[in-house]
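# Report on the structure
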Amino acid sequence: MHRLLVCFALISLALTAPALAAQRVELTVDVAKAGAKIDRNIFGQFAEHLGHGIYDGIWVGPDSTIPNTRGIRKDVVAALRALQVPNIRWPGGCFADEYHWRNGIGRERVLTLNPNWGGVTEPNTFGTHEFMDFLDQIGSDAYVSINLGSGTPREAAEWLDYMTTAQATTLEQERAANGHPSPYKVGYLGIGNESWDCGGNMTPDYYLSQLKIYTRFVRNFNPARQGNQQMLKIAVGPGGDGPEWTEWTETIMKAYQNRHWSWDINGLSMHSYTVVRWPPAFASVGFGEAEYSQILKATLGMEDLINKHSAIMDKYDPQKGVALVVDEWGAWYKPLPGTNPAFLVQQNSLRDAILAALNLNIFARHAARVRGANIAQMVNVLQAMIMTDKEKMVLTPTYYVFKMYVPFQDAAFVPVAFDAGTYTHGNISLPRLDAVAAKDRAGKLWLAITNLDPNQPIEIETGLAGITAKSATGQTLTAPQVDSVNTFDAPHTVVPKVVSVEVQGGKLGLTLEPKSVTVISVEE
Ligand code: AHR
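Residues numbered from 1 in each chain as written. Predicted model: local features only at pLDDT ≥ 70, side-chain atom pairs only at ≥ 80, totals over all residues. Heavy atoms only, no water.

### A short note on the sheet that holds strand β22 (residues 458–465)
Two strands in a sheet stick together by hydrogen bonds in their backbones, pointing the same way (parallel) or opposite ways (antiparallel). Reading across the sheet, the 5 strands line up as β17-β1-β22-β26-β25 and stay open at both edges, with mixed pairing between neighbours. The sheet is open, and its two borders are formed by β17 (416–418) and β25 (502–504), each paired with just one other strand. The average undirected angle you get between the axes of adjacent strands in this sheet is 25°. (Pairing = 2+ DSSP bridges. Helix = DSSP H or I, 4+ residues; strand = E, 2+ residues; numbered from the N terminus. Axes fitted to C-alpha atoms, helices over the stretch in contact; angles between N-to-C directions.)

Structural data, given as structure tokens:
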């Protein structure tokens, strides 16, 4: 019996040996082949009037004891400034198609309800001026979603007149009287939200007829913001990969190809959450390797979805004039116990950091077509960057990934070749590793590498073609468990730390910790 056991142990050792040997991965980065610009707008955020996303999360009011500038939390502003957030999509989401902008301007705000998100009272104290002030404070651009579901073209056109007109119109004067004489910049305009669902249950053809009307009449009126400064119009796009979504993309893109001078779009939106089952059933904390691997498997489906809809777009728009804008993405888990389920409160773990990196990598690889994305959502809702509770604030693991990826904003995509190998748990198999590289505007090379394997480190050797590396530095984000989180009481469980990178003979060598995201920069 004993001999049998020894024999069995030896056989298993022999079987596991090749797997251990496979923990080395060689990467080749070809800097000479730098390609499409990774549009900084793929790092966009989404702030909806939902739960504590706006109220408490951003807006506390000027009389609050929480430090604020004109009612906007100073701690949240400081944290977001560090992310160099390119744009914020607002006011929704489903909320946008019930939002009437006049309720949120002037001294007397109109109290309404928020039927989509728990039927709570909407005070409208955070309206157009407060949103624009918030953007100014963090240094970001406006991505405004207009109300196509329950509004009218006239209401939306007047909102744009109010926000963007420089000439003396009545609405321009009203804006000035409300405290802002100069026109606001609206960088991006969403023409409705999920018009196939909460935005009005429209068929593709019906939506198309509305789209033509809205893009005709809802204009950026500021003469200084025309030509290449123009406001970009984003049409509602698909929300999945079934035939109904193919039909949606086909309908809009075919019409775009045959468009008349009087209407136009610059982008097509796409929504895709990592959810696995609906209603959301996965816990955001207190899970193990099975749920870790299932969620990561699901999130990698973003690649196929983008390929599918890009192929349709390529058919009608080979010049890639229309950007694919993934303006709602991220993990959607079941609400945290004890919270209002309509407020979509979930924890944010190391798993979410890895999920974020994988999606950002996918967007970067599709840089020529995917020129915008907005993670859902920025504060206190779904896969948030920041969580607040009264005066307390904590930065999530996802926040740190966005911070580590800042150098990739508007950098040129650089191809990386590697054989990822496979990490398997139960019946789930995933690539063990993922990597992207980019050359920033100053010419510096950056590399982001994710080790998906929660158990094994990976030794990396990176060959660099096109540059002679002298030194390299980096940061890595990992934590003891796949479900490790930052809390108000323990905010530093998942934070980046310095990683050491060896440079020898122009090659980079480093060890990636299990379940980690690493970003390194290379000095020539
Ligand atoms: O992000 C939450 C909701 O998800 C948005 O309001 C809606 O557009 C989507 O269904």
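### Points about unusual backbone geometry
What is expected of a backbone is that most residues other than glycine have negative phi and most peptide bonds are trans. The omega torsion across Gly92 and Gly93 is 20°, close enough to zero to call that bond cis. With respect to the element layout, Gly93 can be found in the loop between β5 (87–90) and β6 (112–114). The linkage connecting Trp278 with the following residue, Pro279, adopts the cis geometry, with an omega of 0°. Here the phi dihedral of Asp56 falls at roughly 85°; this positive angle occurs in a residue that is not glycine. Residue Asp56 is classed as partly exposed on the basis of its relative accessible area of 38%. The backbone of Arg70 shows a phi angle near 50°, a positive value even though the residue is not glycine. You can see Arg70 is positioned in the loop between β3 (68–69) and β4 (72–73). Overall, Arg70 belongs to the exposed group, its relative accessible area being 54%. (Buried < 20%, exposed > 50% of the residue type's maximum accessible area, 1.4 Å probe, protein only.)

### Concerning the site of the ligand
Near the ligand, the surroundings consist of Phe46, Glu48, Gly93, Cys94, Trp117, Asn193, Glu194, Tyr273, Glu328, Trp332, Gln377 and Leu382. A distance of 2.7 Å separates an oxygen atom of the ligand from a polar atom in the side chain of Tyr273. Contact distances for the ligand include 2.7 Å between an oxygen atom and a side-chain N or O atom of Glu328. Relative to its unbound accessible area of 280 Å², the ligand is 94% covered by the protein chains. When each cavity is represented as a set of grid points, the ligand is found to reside in the largest pocket. Taken together, the residues of the shell around the ligand break down into 6 nonpolar, 3 polar and 3 charged. (Near = heavy atom within 4 Å. Polar contact = N/O pair within 3.5 Å; in protein donor to acceptor, adjacent residues only side chain to side chain. Areas by Shrake-Rupley, 256 points an atom, 1.4 Å probe, with all protein chains shown as cover. 1 Å grid on protein atoms, 1.4 Å probe; cavity = no way out; pocket = protein on both sides within 12 Å on 5 of 7 lines; lining within 4 Å. Sits in = over half its atoms within 2 Å of the grid points. Nonpolar A, V, L, I, M, F, W, Y, C, P; charged D, E, K, R; others polar.)

### Regarding the pattern of salt bridges
What the rule picks out here adds up to 25 salt bridges. Across the pair Asp410 and Lys37 runs a salt bridge, and its minimum N-O distance is 3.8 Å. With Asp410 in the loop between α11 (397–404) and β16 (412–414) and Lys37 in the loop between β1 (24–30) and β2 (44–46), the pair connects residues that are 373 residues apart, well separated along the chain. Residue Asp410 is classed as buried on the basis of its relative accessible area of 15%. Under the relative-accessibility criterion, Lys37 is labelled partly exposed at 47%. (Salt bridge = Lys/Arg side-chain N within 4 Å of Asp/Glu carboxyl O.)

These figures capture arrangement, not role.
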